[in-house]
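One-letter residues, chain by chain:
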Amino acid sequence: MAEKHFKYVILGGGVAAGYAAREFAKQGINKGELAIISKEAVAPYERPALSKGYLFPQGAARLPGFHTCVGSGGERLLPEWYDEKGIELILSTEIVKADLSSKSLTSAAGATFTYDILIIATGSSVIKLTDFGVQGADANNILYLREIDDADKLVAAIQAKKDGKAVIVGGGYIGLELSAVLRLNNLDVTMVYPEPWCMPRLFTAGIAAFYEGYYANKGVEIVKGTVAVGFESDTNGDVTAVKLKDGRVLDADIVVVGVGGRPLTSLFKGQLAEEKGGIKTDAFFQTSVPGVYAVGDVATFPMKLYGDLRRVEHVDHARKSAEQAVKAIKASEEGKSVEEYDYLPYFYSRSFDLAWQFYGDNVGDTVLFGDDDPASAKPKFGSYWIKDGKIFGAFLEGGSADENNAIAKVARVQPAVSDLNVLTQEGLQFAAKI
Ligand code: FDA
Ligand code: NAD
(Lines give C-alpha, C1' and ligand atoms only; values in the text may rest on other atoms or scores of the structure.)
(Ligands and ions follow the chains in the order given, each with its own letter.)
Protein backbone atom coordinates (compact mmCIF):
# COMPACT_ATOMS: atom_id res chain seq x y z
CA MET A 1 0.00 0.00 0.00
CA ALA A 2 1.08 3.56 -0.67
CA GLU A 3 2.99 5.55 1.91
CA LYS A 4 2.03 9.16 2.63
CA HIS A 5 4.30 11.73 4.19
CA PHE A 6 3.33 14.84 6.16
CA LYS A 7 5.44 17.40 7.94
CA TYR A 8 3.06 17.28 10.91
CA VAL A 9 0.75 14.44 11.92
CA ILE A 10 -1.80 14.64 14.72
CA LEU A 11 -2.75 11.12 15.81
CA GLY A 12 -6.32 11.22 17.11
CA GLY A 13 -9.22 13.37 15.95
CA GLY A 14 -10.78 14.56 19.20
CA VAL A 15 -10.84 17.78 21.16
CA ALA A 16 -7.07 18.33 21.30
CA ALA A 17 -6.74 17.61 17.56
CA GLY A 18 -9.30 20.28 16.65
CA TYR A 19 -7.67 22.94 18.81
CA ALA A 20 -4.20 21.97 17.55
CA ALA A 21 -5.37 22.30 13.93
CA ARG A 22 -6.78 25.77 14.62
CA GLU A 23 -3.51 26.83 16.24
CA PHE A 24 -1.48 25.49 13.29
CA ALA A 25 -3.68 27.52 10.93
CA LYS A 26 -3.25 30.61 13.11
CA GLN A 27 0.53 30.23 13.18
CA GLY A 28 0.69 29.55 9.44
CA ILE A 29 1.14 26.26 7.61
CA ASN A 30 1.37 25.36 3.95
CA LYS A 31 -1.26 23.24 2.28
CA GLY A 32 -0.54 19.52 2.57
CA GLU A 33 1.78 19.86 5.57
CA LEU A 34 -0.66 18.73 8.27
CA ALA A 35 -2.80 15.61 8.62
CA ILE A 36 -5.16 14.46 11.36
CA ILE A 37 -5.59 10.69 11.54
CA SER A 38 -8.67 9.56 13.45
CA LYS A 39 -10.52 6.32 13.91
CA GLU A 40 -13.75 8.31 14.24
CA ALA A 41 -15.68 9.01 11.04
CA VAL A 42 -16.21 12.72 11.73
CA ALA A 43 -14.09 15.88 12.04
CA PRO A 44 -13.03 16.89 15.58
CA TYR A 45 -15.92 17.84 17.85
CA GLU A 46 -16.54 18.98 21.42
CA ARG A 47 -16.79 15.61 23.20
CA PRO A 48 -18.62 16.98 26.31
CA ALA A 49 -21.78 17.40 24.19
CA LEU A 50 -22.15 13.61 23.96
CA SER A 51 -23.25 13.19 27.57
CA LYS A 52 -25.42 16.31 27.60
CA GLY A 53 -27.16 17.97 24.60
CA TYR A 54 -26.67 14.96 22.30
CA LEU A 55 -29.00 12.89 24.47
CA PHE A 56 -31.68 15.50 25.14
CA PRO A 57 -35.23 14.28 24.41
CA GLN A 58 -35.98 17.51 22.51
CA GLY A 59 -33.74 19.83 20.50
CA ALA A 60 -30.81 17.41 20.71
CA ALA A 61 -27.39 18.62 19.58
CA ARG A 62 -26.15 17.05 16.35
CA LEU A 63 -23.14 17.54 14.12
CA PRO A 64 -22.16 19.79 12.49
CA GLY A 65 -23.46 21.90 15.42
CA PHE A 66 -20.68 21.09 17.90
CA HIS A 67 -17.48 20.70 15.93
CA THR A 68 -14.47 22.25 17.65
CA CYS A 69 -13.89 25.02 18.54
CA VAL A 70 -17.41 26.16 19.51
CA GLY A 71 -17.17 24.79 23.05
CA SER A 72 -14.90 27.65 24.09
CA GLY A 73 -16.71 30.29 22.07
CA GLY A 74 -14.44 29.92 19.04
CA GLU A 75 -14.94 29.34 15.33
CA ARG A 76 -16.69 26.10 14.33
CA LEU A 77 -14.31 24.15 12.14
CA LEU A 78 -16.40 22.31 9.57
CA PRO A 79 -14.86 19.70 7.26
CA GLU A 80 -14.73 22.46 4.58
CA TRP A 81 -12.47 24.52 6.85
CA TYR A 82 -9.88 21.72 6.86
CA ASP A 83 -10.16 21.51 3.06
CA GLU A 84 -9.64 25.25 2.64
CA LYS A 85 -6.57 25.19 4.89
CA GLY A 86 -5.14 22.17 3.08
CA ILE A 87 -5.28 20.09 6.26
CA GLU A 88 -5.91 16.46 5.44
CA LEU A 89 -8.56 14.75 7.57
CA ILE A 90 -7.85 11.04 7.40
CA LEU A 91 -10.97 9.64 9.06
CA SER A 92 -12.23 6.13 9.90
CA THR A 93 -8.57 5.15 10.08
CA GLU A 94 -7.26 3.36 13.14
CA ILE A 95 -3.53 3.34 13.67
CA VAL A 96 -2.48 -0.07 14.97
CA LYS A 97 1.31 0.31 14.93
CA ALA A 98 3.60 3.23 15.66
CA ASP A 99 7.33 3.05 15.07
CA LEU A 100 8.94 6.19 16.42
CA SER A 101 12.44 5.24 15.19
CA SER A 102 11.31 5.19 11.54
CA LYS A 103 8.72 7.96 12.19
CA SER A 104 5.93 5.86 10.76
CA LEU A 105 2.38 4.91 11.62
CA THR A 106 0.52 1.93 10.17
CA SER A 107 -3.27 1.72 9.90
CA ALA A 108 -5.50 -1.31 10.42
CA ALA A 109 -5.99 -1.39 6.63
CA GLY A 110 -2.23 -1.48 6.09
CA ALA A 111 -1.60 2.15 5.00
CA THR A 112 1.61 3.81 6.15
CA PHE A 113 1.96 7.44 7.19
CA THR A 114 5.30 9.05 7.89
CA TYR A 115 5.95 12.39 9.57
CA ASP A 116 8.62 14.82 10.72
CA ILE A 117 6.71 15.88 13.83
CA LEU A 118 4.06 13.80 15.61
CA ILE A 119 1.43 15.01 18.08
CA ILE A 120 -0.15 12.13 20.01
CA ALA A 121 -3.75 13.04 20.89
CA THR A 122 -5.34 9.63 21.31
CA GLY A 123 -7.33 10.49 24.45
CA SER A 124 -8.81 7.75 26.61
CA SER A 125 -10.75 4.55 26.18
CA VAL A 126 -13.44 3.35 28.57
CA ILE A 127 -12.82 0.67 31.16
CA LYS A 128 -15.27 -2.15 30.45
CA LEU A 129 -16.86 -4.56 32.89
CA THR A 130 -15.84 -7.37 30.53
CA ASP A 131 -12.22 -6.33 31.32
CA PHE A 132 -12.79 -7.69 34.86
CA GLY A 133 -14.73 -10.71 33.64
CA VAL A 134 -18.06 -9.57 35.17
CA GLN A 135 -20.52 -12.36 34.37
CA GLY A 136 -22.94 -11.57 31.51
CA ALA A 137 -21.38 -8.13 30.87
CA ASP A 138 -21.39 -8.67 27.09
CA ALA A 139 -25.24 -8.64 26.91
CA ASN A 140 -26.98 -6.26 24.50
CA ASN A 141 -27.87 -2.78 25.80
CA ILE A 142 -24.98 -2.66 28.27
CA LEU A 143 -23.55 0.55 26.92
CA TYR A 144 -20.51 2.81 27.36
CA LEU A 145 -19.91 6.39 26.23
CA ARG A 146 -16.74 7.75 24.72
CA GLU A 147 -17.25 8.40 21.01
CA ILE A 148 -20.08 9.55 18.79
CA ASP A 149 -20.85 5.97 17.69
CA ASP A 150 -21.41 5.06 21.34
CA ALA A 151 -23.75 8.05 21.72
CA ASP A 152 -25.73 6.92 18.66
CA LYS A 153 -26.15 3.46 20.22
CA LEU A 154 -27.47 5.14 23.37
CA VAL A 155 -29.94 7.25 21.39
CA ALA A 156 -31.20 4.09 19.64
CA ALA A 157 -31.54 2.23 22.96
CA ILE A 158 -33.42 5.15 24.57
CA GLN A 159 -35.87 5.08 21.65
CA ALA A 160 -36.22 1.29 21.67
CA LYS A 161 -36.80 1.10 25.44
CA LYS A 162 -39.15 4.09 25.86
CA ASP A 163 -40.13 4.74 29.49
CA GLY A 164 -38.16 1.64 30.51
CA LYS A 165 -35.69 1.02 33.33
CA ALA A 166 -32.08 2.16 33.22
CA VAL A 167 -29.31 1.22 35.62
CA ILE A 168 -26.23 3.41 35.68
CA VAL A 169 -23.09 1.71 36.97
CA GLY A 170 -20.57 4.21 38.36
CA GLY A 171 -20.91 7.41 40.35
CA GLY A 172 -18.40 9.63 38.57
CA TYR A 173 -18.83 12.12 35.71
CA ILE A 174 -20.53 9.71 33.33
CA GLY A 175 -22.70 8.31 36.11
CA LEU A 176 -24.01 11.72 37.19
CA GLU A 177 -24.44 13.21 33.70
CA LEU A 178 -26.02 10.09 32.17
CA SER A 179 -28.44 9.39 35.00
CA ALA A 180 -29.70 12.96 34.67
CA VAL A 181 -30.15 12.88 30.92
CA LEU A 182 -31.78 9.43 30.95
CA ARG A 183 -34.19 10.71 33.60
CA LEU A 184 -34.99 13.65 31.28
CA ASN A 185 -35.85 10.98 28.70
CA ASN A 186 -38.38 9.64 31.20
CA LEU A 187 -36.55 6.42 31.99
CA ASP A 188 -36.77 4.99 35.46
CA VAL A 189 -33.15 5.48 36.63
CA THR A 190 -31.10 3.76 39.35
CA MET A 191 -27.44 4.63 39.96
CA VAL A 192 -25.09 2.11 41.57
CA TYR A 193 -21.61 2.87 42.89
CA PRO A 194 -19.25 1.40 45.46
CA GLU A 195 -18.25 4.55 47.36
CA PRO A 196 -20.09 6.21 50.27
CA TRP A 197 -20.85 9.24 48.06
CA CYS A 198 -20.82 10.23 44.40
CA MET A 199 -17.81 11.69 42.57
CA PRO A 200 -15.39 10.93 45.42
CA ARG A 201 -12.39 11.99 43.29
CA LEU A 202 -13.51 15.59 43.70
CA PHE A 203 -16.60 16.00 45.85
CA THR A 204 -16.53 16.24 49.62
CA ALA A 205 -19.31 14.46 51.53
CA GLY A 206 -21.01 17.86 51.87
CA ILE A 207 -20.95 18.65 48.15
CA ALA A 208 -22.11 15.14 47.26
CA ALA A 209 -25.03 15.32 49.72
CA PHE A 210 -26.49 18.20 47.70
CA TYR A 211 -26.32 16.34 44.35
CA GLU A 212 -27.62 13.09 45.83
CA GLY A 213 -30.55 14.97 47.38
CA TYR A 214 -31.26 16.87 44.17
CA TYR A 215 -31.12 13.69 42.04
CA ALA A 216 -33.40 11.88 44.50
CA ASN A 217 -35.90 14.75 44.18
CA LYS A 218 -35.76 14.25 40.40
CA GLY A 219 -36.66 10.60 40.89
CA VAL A 220 -33.20 9.04 40.49
CA GLU A 221 -32.73 6.09 42.84
CA ILE A 222 -29.24 5.82 44.35
CA VAL A 223 -27.70 2.55 45.55
CA LYS A 224 -24.33 3.08 47.24
CA GLY A 225 -21.64 0.86 48.66
CA THR A 226 -22.01 -2.02 46.23
CA VAL A 227 -21.05 -3.03 42.69
CA ALA A 228 -22.51 -4.93 39.76
CA VAL A 229 -21.27 -8.52 39.82
CA GLY A 230 -23.35 -9.99 37.01
CA PHE A 231 -26.13 -9.46 34.47
CA GLU A 232 -29.14 -11.47 33.37
CA SER A 233 -30.37 -11.41 29.79
CA ASP A 234 -33.27 -12.81 27.76
CA THR A 235 -33.16 -15.26 24.85
CA ASN A 236 -32.32 -12.38 22.43
CA GLY A 237 -29.25 -11.59 24.51
CA ASP A 238 -30.78 -8.29 25.75
CA VAL A 239 -29.96 -7.34 29.31
CA THR A 240 -32.88 -7.74 31.75
CA ALA A 241 -31.33 -7.35 35.21
CA VAL A 242 -28.24 -6.27 37.14
CA LYS A 243 -27.04 -8.47 40.00
CA LEU A 244 -25.38 -6.57 42.83
CA LYS A 245 -22.73 -7.78 45.23
CA ASP A 246 -25.05 -7.14 48.19
CA GLY A 247 -27.50 -9.68 46.74
CA ARG A 248 -30.01 -7.24 45.30
CA VAL A 249 -31.20 -7.66 41.71
CA LEU A 250 -32.29 -4.57 39.71
CA ASP A 251 -34.47 -4.86 36.61
CA ALA A 252 -32.90 -3.13 33.62
CA ASP A 253 -33.71 -2.49 29.96
CA ILE A 254 -30.60 -0.34 29.50
CA VAL A 255 -27.37 -0.32 31.50
CA VAL A 256 -24.87 2.51 31.12
CA VAL A 257 -21.43 1.88 32.57
CA GLY A 258 -19.09 4.71 33.56
CA VAL A 259 -16.36 3.18 35.69
CA GLY A 260 -13.47 5.28 34.47
CA GLY A 261 -11.16 5.79 31.53
CA ARG A 262 -7.69 4.67 30.54
CA PRO A 263 -5.30 6.85 28.51
CA LEU A 264 -4.60 5.32 25.09
CA THR A 265 -0.83 4.97 25.22
CA SER A 266 -0.35 1.32 24.26
CA LEU A 267 0.90 2.06 20.71
CA PHE A 268 3.96 3.70 22.25
CA LYS A 269 4.80 1.22 25.05
CA GLY A 270 8.54 0.92 25.45
CA GLN A 271 9.19 3.75 22.96
CA LEU A 272 8.50 6.76 25.20
CA ALA A 273 8.97 7.59 28.88
CA GLU A 274 5.74 7.19 30.85
CA GLU A 275 4.66 8.54 34.21
CA LYS A 276 1.45 8.21 36.23
CA GLY A 277 -0.16 6.13 33.49
CA GLY A 278 0.42 8.75 30.80
CA ILE A 279 3.12 9.81 28.37
CA LYS A 280 5.66 11.98 30.17
CA THR A 281 6.18 15.42 28.63
CA ASP A 282 7.97 18.66 29.37
CA ALA A 283 6.23 22.02 29.80
CA PHE A 284 5.92 22.26 25.99
CA PHE A 285 4.33 18.79 25.71
CA GLN A 286 7.39 17.31 24.03
CA THR A 287 7.90 13.65 25.03
CA SER A 288 11.18 11.86 25.75
CA VAL A 289 11.58 11.48 21.95
CA PRO A 290 12.45 14.77 20.20
CA GLY A 291 9.82 15.81 17.66
CA VAL A 292 7.12 13.70 19.32
CA TYR A 293 4.53 15.56 21.41
CA ALA A 294 1.64 14.29 23.55
CA VAL A 295 -1.40 16.40 24.51
CA GLY A 296 -4.79 16.09 26.18
CA ASP A 297 -5.78 13.05 28.25
CA VAL A 298 -2.60 11.06 27.43
CA ALA A 299 -0.03 13.63 28.63
CA THR A 300 1.58 13.61 32.07
CA PHE A 301 3.02 17.12 32.26
CA PRO A 302 4.70 19.40 34.82
CA MET A 303 2.02 21.25 36.80
CA LYS A 304 4.00 24.40 37.49
CA LEU A 305 1.56 25.75 40.07
CA TYR A 306 1.96 22.70 42.33
CA GLY A 307 5.48 21.59 41.42
CA ASP A 308 4.52 18.05 40.42
CA LEU A 309 3.61 15.95 37.39
CA ARG A 310 -0.05 15.40 36.53
CA ARG A 311 -2.39 13.96 33.98
CA VAL A 312 -5.72 15.75 33.46
CA GLU A 313 -8.76 14.17 31.78
CA HIS A 314 -10.78 17.31 31.08
CA VAL A 315 -11.60 19.36 28.04
CA ASP A 316 -10.06 22.71 29.07
CA HIS A 317 -6.63 21.11 29.39
CA ALA A 318 -7.09 19.20 26.10
CA ARG A 319 -7.64 22.54 24.36
CA LYS A 320 -4.87 24.45 26.08
CA SER A 321 -2.23 21.70 25.92
CA ALA A 322 -2.85 21.34 22.18
CA GLU A 323 -2.39 25.07 21.65
CA GLN A 324 0.75 25.10 23.79
CA ALA A 325 2.34 22.21 21.86
CA VAL A 326 1.69 23.83 18.47
CA LYS A 327 2.99 27.21 19.65
CA ALA A 328 6.15 25.49 20.93
CA ILE A 329 6.62 23.53 17.69
CA LYS A 330 6.27 26.64 15.52
CA ALA A 331 8.46 28.77 17.82
CA SER A 332 11.25 26.18 17.83
CA GLU A 333 11.27 26.17 14.01
CA GLU A 334 12.19 29.86 14.20
CA GLY A 335 14.74 29.30 16.96
CA LYS A 336 12.40 30.93 19.46
CA SER A 337 10.74 29.64 22.58
CA VAL A 338 7.42 30.04 24.37
CA GLU A 339 6.60 30.33 28.06
CA GLU A 340 6.24 27.14 30.08
CA TYR A 341 2.70 25.75 30.43
CA ASP A 342 1.28 27.18 33.64
CA TYR A 343 -2.05 25.46 34.04
CA LEU A 344 -4.76 26.16 36.59
CA PRO A 345 -6.90 22.98 36.73
CA TYR A 346 -10.48 23.68 35.66
CA PHE A 347 -13.24 21.05 35.67
CA TYR A 348 -16.97 21.50 35.22
CA SER A 349 -20.17 19.58 34.76
CA ARG A 350 -23.80 20.25 33.92
CA SER A 351 -26.92 18.18 34.55
CA PHE A 352 -30.62 18.95 34.96
CA ASP A 353 -30.68 22.72 35.75
CA LEU A 354 -27.38 22.50 37.59
CA ALA A 355 -23.91 23.66 36.59
CA TRP A 356 -20.76 23.61 38.69
CA GLN A 357 -17.18 24.70 38.18
CA PHE A 358 -14.05 23.76 40.08
CA TYR A 359 -10.62 25.41 39.95
CA GLY A 360 -7.32 24.45 41.53
CA ASP A 361 -6.42 21.52 43.71
CA ASN A 362 -8.75 19.64 46.07
CA VAL A 363 -6.29 19.18 48.94
CA GLY A 364 -6.42 19.95 52.67
CA ASP A 365 -9.33 21.03 54.87
CA THR A 366 -12.61 22.16 53.38
CA VAL A 367 -15.37 24.60 54.18
CA LEU A 368 -18.85 24.56 52.66
CA PHE A 369 -20.78 27.81 52.18
CA GLY A 370 -24.02 29.10 50.69
CA ASP A 371 -27.43 27.60 50.03
CA ASP A 372 -26.93 23.88 49.55
CA ASP A 373 -30.53 22.86 50.10
CA PRO A 374 -31.41 20.49 47.22
CA ALA A 375 -35.01 21.69 47.42
CA SER A 376 -34.13 25.40 46.92
CA ALA A 377 -35.50 27.07 43.81
CA LYS A 378 -32.04 28.38 42.90
CA PRO A 379 -29.38 26.67 44.98
CA LYS A 380 -26.00 28.39 45.05
CA PHE A 381 -23.23 26.99 47.20
CA GLY A 382 -19.54 26.24 47.16
CA SER A 383 -16.47 24.91 48.88
CA TYR A 384 -12.92 26.04 49.43
CA TRP A 385 -9.99 23.71 50.03
CA ILE A 386 -7.37 25.09 52.43
CA LYS A 387 -3.81 23.78 52.86
CA ASP A 388 -0.97 25.37 54.86
CA GLY A 389 -3.22 28.37 55.61
CA LYS A 390 -3.89 29.11 51.91
CA ILE A 391 -6.80 28.39 49.60
CA PHE A 392 -5.82 25.82 46.95
CA GLY A 393 -9.18 24.90 45.44
CA ALA A 394 -12.63 26.42 44.92
CA PHE A 395 -15.93 24.88 43.82
CA LEU A 396 -19.14 26.68 42.96
CA GLU A 397 -22.59 25.41 41.99
CA GLY A 398 -24.96 27.84 40.30
CA GLY A 399 -22.45 30.69 39.89
CA SER A 400 -22.67 33.50 37.34
CA ALA A 401 -19.80 34.06 34.92
CA ASP A 402 -18.37 36.77 37.21
CA GLU A 403 -18.66 34.57 40.27
CA ASN A 404 -16.96 31.68 38.49
CA ASN A 405 -14.16 34.02 37.44
CA ALA A 406 -13.83 35.12 41.05
CA ILE A 407 -13.35 31.56 42.36
CA ALA A 408 -10.88 30.85 39.54
CA LYS A 409 -8.87 33.85 40.69
CA VAL A 410 -8.89 32.60 44.28
CA ALA A 411 -7.49 29.22 43.19
CA ARG A 412 -4.78 30.96 41.14
CA VAL A 413 -3.80 33.57 43.74
CA GLN A 414 -4.01 31.17 46.74
CA PRO A 415 -4.85 33.86 49.33
CA ALA A 416 -4.04 33.22 53.00
CA VAL A 417 -6.91 32.52 55.38
CA SER A 418 -6.62 32.62 59.13
CA ASP A 419 -10.11 31.72 60.30
CA LEU A 420 -12.16 29.00 58.61
CA ASN A 421 -15.33 30.14 60.39
CA VAL A 422 -14.98 33.60 58.89
CA LEU A 423 -14.34 32.03 55.47
CA THR A 424 -17.50 29.95 55.80
CA GLN A 425 -19.48 33.08 56.76
CA GLU A 426 -18.08 35.15 53.90
CA GLY A 427 -18.38 32.37 51.30
CA LEU A 428 -18.52 33.88 47.83
CA GLN A 429 -17.93 37.39 49.25
CA PHE A 430 -14.41 36.30 50.10
CA ALA A 431 -13.73 35.45 46.43
CA ALA A 432 -15.24 38.74 45.24
CA LYS A 433 -12.61 40.68 47.26
CA ILE A 434 -9.59 38.92 45.70
P1 FDA B 1 -10.38 12.72 22.75
O2 FDA B 1 -10.94 11.50 23.41
O3 FDA B 1 -11.24 13.90 22.64
O4 FDA B 1 -9.88 12.33 21.29
C5 FDA B 1 -9.10 11.20 21.03
C6 FDA B 1 -9.24 10.85 19.58
O7 FDA B 1 -8.23 9.91 19.20
C8 FDA B 1 -10.57 10.18 19.21
O9 FDA B 1 -11.04 10.75 18.02
C10 FDA B 1 -10.18 8.73 18.99
O11 FDA B 1 -11.02 8.05 18.08
C12 FDA B 1 -8.80 8.90 18.40
N13 FDA B 1 -7.93 7.73 18.48
C14 FDA B 1 -7.54 7.06 19.59
N15 FDA B 1 -6.72 6.05 19.27
C16 FDA B 1 -6.57 6.09 17.93
C17 FDA B 1 -5.85 5.28 17.00
N18 FDA B 1 -5.09 4.25 17.40
N19 FDA B 1 -5.93 5.58 15.69
C20 FDA B 1 -6.69 6.64 15.28
N21 FDA B 1 -7.39 7.42 16.11
C22 FDA B 1 -7.33 7.15 17.42
N23 FDA B 1 -14.45 17.24 30.21
C24 FDA B 1 -14.83 18.40 30.79
O25 FDA B 1 -13.96 19.16 31.25
N26 FDA B 1 -16.14 18.74 30.88
C27 FDA B 1 -17.12 17.94 30.41
O28 FDA B 1 -18.30 18.27 30.53
C29 FDA B 1 -16.75 16.71 29.79
N30 FDA B 1 -17.70 15.87 29.30
C31 FDA B 1 -17.33 14.68 28.73
C32 FDA B 1 -18.31 13.81 28.24
C33 FDA B 1 -17.97 12.59 27.70
C34 FDA B 1 -19.03 11.66 27.18
C35 FDA B 1 -16.60 12.19 27.66
C36 FDA B 1 -16.22 10.85 27.07
C37 FDA B 1 -15.62 13.05 28.12
C38 FDA B 1 -15.98 14.30 28.67
N39 FDA B 1 -15.02 15.17 29.15
C40 FDA B 1 -15.39 16.37 29.71
C41 FDA B 1 -13.59 14.86 29.03
C42 FDA B 1 -13.02 15.47 27.74
O43 FDA B 1 -13.91 15.28 26.68
C44 FDA B 1 -11.67 14.83 27.44
O45 FDA B 1 -10.78 15.14 28.49
C46 FDA B 1 -11.13 15.36 26.11
O47 FDA B 1 -11.97 14.96 25.05
C48 FDA B 1 -9.72 14.87 25.86
O49 FDA B 1 -9.31 15.29 24.60
P50 FDA B 1 -8.29 14.42 23.75
O51 FDA B 1 -8.15 15.10 22.44
O52 FDA B 1 -7.10 14.13 24.58
O53 FDA B 1 -9.03 13.02 23.53
P1 NAD C 1 -14.76 8.59 36.74
O2 NAD C 1 -13.39 8.18 37.11
O3 NAD C 1 -15.19 9.99 36.87
O4 NAD C 1 -15.79 7.75 37.62
C5 NAD C 1 -15.79 6.36 37.72
C6 NAD C 1 -16.75 5.94 38.82
O7 NAD C 1 -17.02 4.57 38.75
C8 NAD C 1 -16.23 6.21 40.20
O9 NAD C 1 -17.25 6.70 41.05
C10 NAD C 1 -15.79 4.80 40.62
O11 NAD C 1 -15.64 4.57 41.92
C12 NAD C 1 -16.90 3.99 40.04
N13 NAD C 1 -16.61 2.58 39.89
C14 NAD C 1 -15.42 2.01 39.66
N15 NAD C 1 -15.56 0.68 39.54
C16 NAD C 1 -16.88 0.40 39.68
C17 NAD C 1 -17.65 -0.77 39.62
N18 NAD C 1 -17.10 -1.97 39.40
N19 NAD C 1 -19.00 -0.67 39.77
C20 NAD C 1 -19.57 0.53 39.99
N21 NAD C 1 -18.87 1.67 40.03
C22 NAD C 1 -17.55 1.61 39.88
O23 NAD C 1 -14.97 8.05 35.24
P24 NAD C 1 -16.20 8.15 34.23
O25 NAD C 1 -17.34 8.81 34.89
O26 NAD C 1 -16.38 6.80 33.66
O27 NAD C 1 -15.65 9.13 33.10
C28 NAD C 1 -14.77 8.64 32.09
C29 NAD C 1 -13.89 9.74 31.56
O30 NAD C 1 -14.67 10.75 30.93
C31 NAD C 1 -13.06 10.44 32.60
O32 NAD C 1 -11.83 10.78 32.00
C33 NAD C 1 -13.82 11.71 32.87
O34 NAD C 1 -12.98 12.76 33.31
C35 NAD C 1 -14.41 12.01 31.51
N36 NAD C 1 -15.67 12.76 31.64
C37 NAD C 1 -15.62 14.01 32.15
C38 NAD C 1 -16.76 14.75 32.29
C39 NAD C 1 -16.68 16.13 32.86
O40 NAD C 1 -15.57 16.62 33.09
N41 NAD C 1 -17.80 16.81 33.10
C42 NAD C 1 -17.98 14.23 31.88
C43 NAD C 1 -18.02 12.93 31.37
C44 NAD C 1 -16.86 12.21 31.25
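What you see is a predicted model; the values in this text were computed from it and never measured.

Okay, the site of ligand 1 next. If you check the shell around ligand 1, you find 33 residues, and the closest are E40, R47, K52, E147 and D297. Residue I95 places a main-chain N or O atom 2.9 Å away from a nitrogen atom belonging to ligand 1. Burial of ligand 1 by the surrounding chains reaches 96%, relative to a free accessible area of 1,000 Å². Those elements that provide at least two residues to the shell around ligand 1 are α1 (15-27) and α6 (315-333).

Our focus in this paragraph is the sheet that holds strand β13 (residues 239-244). Across the sheet, three strands lie side by side as β12-β13-β14; this open sheet has antiparallel pairing. On the outer flanks of this sheet lie β12 (228-233) and β14 (249-251), each paired with one strand and no other. For this sheet the average axis-to-axis angle between neighbouring strands, irrespective of direction, equals 25°.

The next thing to look at is the sheet that holds strand β24 (residues 365-371). Across the sheet, five strands lie side by side as β22-β23-β26-β25-β24; this open sheet has antiparallel pairing. Edge positions in the sheet fall to β22 (346-351) and β24, since each has one partner strand and no second. Mean inter-strand twist for the sheet, computed between neighbouring axes without regard to direction, equals 15°. Where strand β25 (residues 380-387) lies against strand β26 (residues 390-397), seven bridges are found, and the strand directions are antiparallel. Bridge pairing links K387 to K390 in β26. Packing of helix α4 (residues 173-184) onto the sheet brings it into contact with β22 and β23 (354-360), and relative to β22 it is tilted by some 25°.

Among the 20 residues in the neighbourhood of ligand 2, the closest are listed as I174, E195, G260, E313 and Y348. The separation between an oxygen atom of ligand 2 and a polar main-chain atom of G172 is 3.5 Å. Y348 places a main-chain nitrogen or oxygen 2.8 Å from a nitrogen atom of ligand 2. Protein coverage of the free-state accessible area of ligand 2, which is 850 Å², stands at 83%.

How each quantity is defined
Residues numbered from 1 in each chain as written. Chains lettered and ligands numbered in written order. Predicted model: local features only at pLDDT ≥ 70, side-chain atom pairs only at ≥ 80, totals over all residues. Heavy atoms only, no water. Near = heavy atom within 4 Å. Polar contact = N/O pair within 3.5 Å; in protein donor to acceptor, adjacent residues only side chain to side chain. Areas by Shrake-Rupley, 256 points an atom, 1.4 Å probe, with all protein chains shown as cover. Helix = DSSP H or I, 4+ residues; strand = E, 2+ residues; numbered from the N terminus. Pairing = 2+ DSSP bridges. Axes fitted to C-alpha atoms, helices over the stretch in contact; angles between N-to-C directions. Contact = heavy atoms within 4.5 Å.

Any link to function would need more than the numbers given here.
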